[in-house]
Amino acid sequence: MSKLERNWQFAEQYPNETEPQISARRLSLELGIEPVSRAIAAQLSSLVVLSGARAICEIGTGVGVSGLALLRHAPEAVLTSIEVEPEHLKEARAVFASAGIPASHVRFIEGNAQQVLPRLNLASYDLALLDADPEHLLEYVEYALTIVRPGGCIVVPGAFASGRVSDPAARDHRTQAVRDLLAMVSESAAIAPALSPVGDGLLILTRLSD
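Everything numeric in this text was worked out from a predicted model, so none of it was measured.

(A) Broad picture of the overall build of the chain. Counting secondary structure elements, the chain contains eight helices and seven strands. The C-alpha radius of gyration computed for the chain amounts to 16 Å, which stays within 12% of the reference 17 Å derived for 210 residues, consistent with globular compactness. Dimensions along the principal axes, computed over C-alpha positions, put the chain at roughly 45 × 45 × 30 Å. Relative to its full complement of 210 residues, the chain shows a buried share of 46%. Within the structure as shown, the chain displays about 10,500 Å² of accessible surface, and the carbon and sulfur contribution to it stands at 54%.

Below, the structure written as structure tokens:
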């Protein structure tokens with residue numbers, strides 16, 4: 001194992017999590033849902049604090065692993081979480097209730113993000129997490145840029161597509177969608193992008209002022 005690999009492994013194992021987060025992570029794996037890594041969850045928690053986010057939108061609820069991370073240090077924040085699978089939402093509601101998070105701080109929306117995002121208020125969110133359906137990633141980012149306020153950020157986990165983005169031989173649709181997104185944001189005058197090697201890659205896009 002190289003020094004870089006050891007550093008990455010250490011960073012992944014370093015964060016601690018609350019009991020509700022540990023339970024939600026375990027439930028995700030039981031249901032075959034791949035949750036964000038512990039290191040990415042910690043990054044999400046920190047981003048909310050650093051940005052002072054109070055209105056957060058999440059695409060891809062799962063059973064609540066990332067949502068719990070987003071609200072971990074932000075008791076005043078309100079999370080709007082979109083999920084297409086009703087069974088996942090049912091589990092997520094129970095997870096958040098058991099974590100003691102007031103129902104007034106979480107709004108669950110069942111539905112396809114392509115249909116839900118256009119109905120959300122413009123420039124009304126401080127942070128948006130996009131963790132679903134990578135094949136429609138570009139479309140989600142375009143919508144997210146309209147609902148996130150100037151100075152707010154869009155967070156995209158899985159930006160390495162399981163390590164395939166850096167492999168020139170990888171030509172599958174998901175990998176190419178991520179590559180297209182990375183190319184688009186690197187050239188945009190409206191976005192300040194940052195790509196972190198944490199987890200399977202974490203892309204943070206800050207919307208610049210109009």
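(B) The nonpolar core, seen in detail. Core analysis: the biggest nonpolar cluster contains 34 residues, and Ile 56, Leu 70, Leu 127 and Val 155 have the highest contact counts within it. Of all the elements in the fold, those that place two or more residues in this core are helix H2 (19-30), helix H3 (38-51), helix H4 (65-71), helix H5 (86-98), strand E3 (106-110), strand E4 (125-130), strand E5 (148-157) and strand E7 (202-207). Non-local contacts of Val 155, meaning those with residues more than four positions away in its chain, are made with Leu 44, Leu 47, Leu 127, Ala 128, Leu 129, Leu 130, Leu 202 and Leu 203.

(C) The sheet that holds E3, seen in detail. One open sheet accounts for seven strands, arranged E3-E2-E1-E4-E5-E7-E6; its pairing is mixed. Only two strands of the sheet have a single neighbouring strand rather than two, namely E3 and strand E6 (191-196). Between one strand axis and the next, the sheet turns through 15° on average, direction left out of account. Sheet topology places strand E1 (residues 55-59) next to E4; four bridges connect them, and they run parallel. Bridging from a neighbouring strand, Ile 56 pairs with Leu 127 of E4. Contacts between helix H7 (residues 137-147) and the sheet are confined to E1, E4, E5, E6 and E7, with E5 contributing the most and set at about 155° to the helix. Running over the sheet, helix H8 (residues 173-187) touches E6 and E7 and is turned about 135° from E6.

(D) The arrangement of the packing of H7 against H8 in detail. Direction vectors running N to C along H7 and H8 enclose 35°, while the axes themselves pass 9 Å from each other. Where H7 abuts H8, its residues Leu 137, Leu 138 and Val 141 lie against Val 178, Asp 180, Leu 181 and Met 184. For the contact of H7 with H8, the per-class residue count stands at six nonpolar, no polar and one charged.

(E) Representation of unusual backbone geometry in the model. For Asp 133, which is not glycine, the phi torsion reads 45° and is therefore positive. With a phi close to 60°, Ser 162 is a non-glycine residue in the positive phi region.

(F) Region of interest: the pattern of salt bridges. Here the structure, examined in full by the defined rule, presents three salt bridges. Asp 126 is paired through a salt bridge with Arg 149; the nearest N and O atoms lie 2.6 Å apart. With a gap of 23 residues between them, Asp 126 in strand E4 and Arg 149 in strand E5 connect regions that are remote in the sequence. Under the relative-accessibility criterion, Asp 126 is labelled buried at 13%. According to the relative accessible area criterion, Arg 149 is partly exposed, its value standing at 25%. Among the ionic pairs, Arg 164 bridges to Asp 172, the shortest N-O distance being 3.2 Å.

(G) Quick peek at H3. With 14 residues, H3 should reach 20 Å at 1.5 Å per residue; the first-to-last C-alpha distance of 20 Å fits that figure. Within H3, the full set of buried residues consists of Ala 39, Ile 40, Ala 41, Leu 44, Ser 45, Leu 47 and Val 48. At the exit of H3 stands Gly 52, carrying a positive phi of roughly 65°.

Definitions and limits used
- Residues numbered from 1 in each chain as written.
- Predicted model: local features only at pLDDT ≥ 70, side-chain atom pairs only at ≥ 80, totals over all residues.
- Heavy atoms only, no water.
- Helix = DSSP H or I, 4+ residues; strand = E, 2+ residues; numbered from the N terminus.
- Rg over C-alpha atoms; globule rule 2.2 N^0.38 Å.
- Buried < 20%, exposed > 50% of the residue type's maximum accessible area, 1.4 Å probe, protein only.
- Areas by Shrake-Rupley, 256 points an atom, 1.4 Å probe, with all protein chains shown as cover.
- Core = buried A, V, L, I, M, F, W, Y, C linked by side-chain atoms within 4.5 Å.
- Contact = heavy atoms within 4.5 Å.
- Pairing = 2+ DSSP bridges.
- Axes fitted to C-alpha atoms, helices over the stretch in contact; angles between N-to-C directions.
- Nonpolar A, V, L, I, M, F, W, Y, C, P; charged D, E, K, R; others polar.
- Salt bridge = Lys/Arg side-chain N within 4 Å of Asp/Glu carboxyl O.
- Expected span 1.5 Å × (residues − 1).

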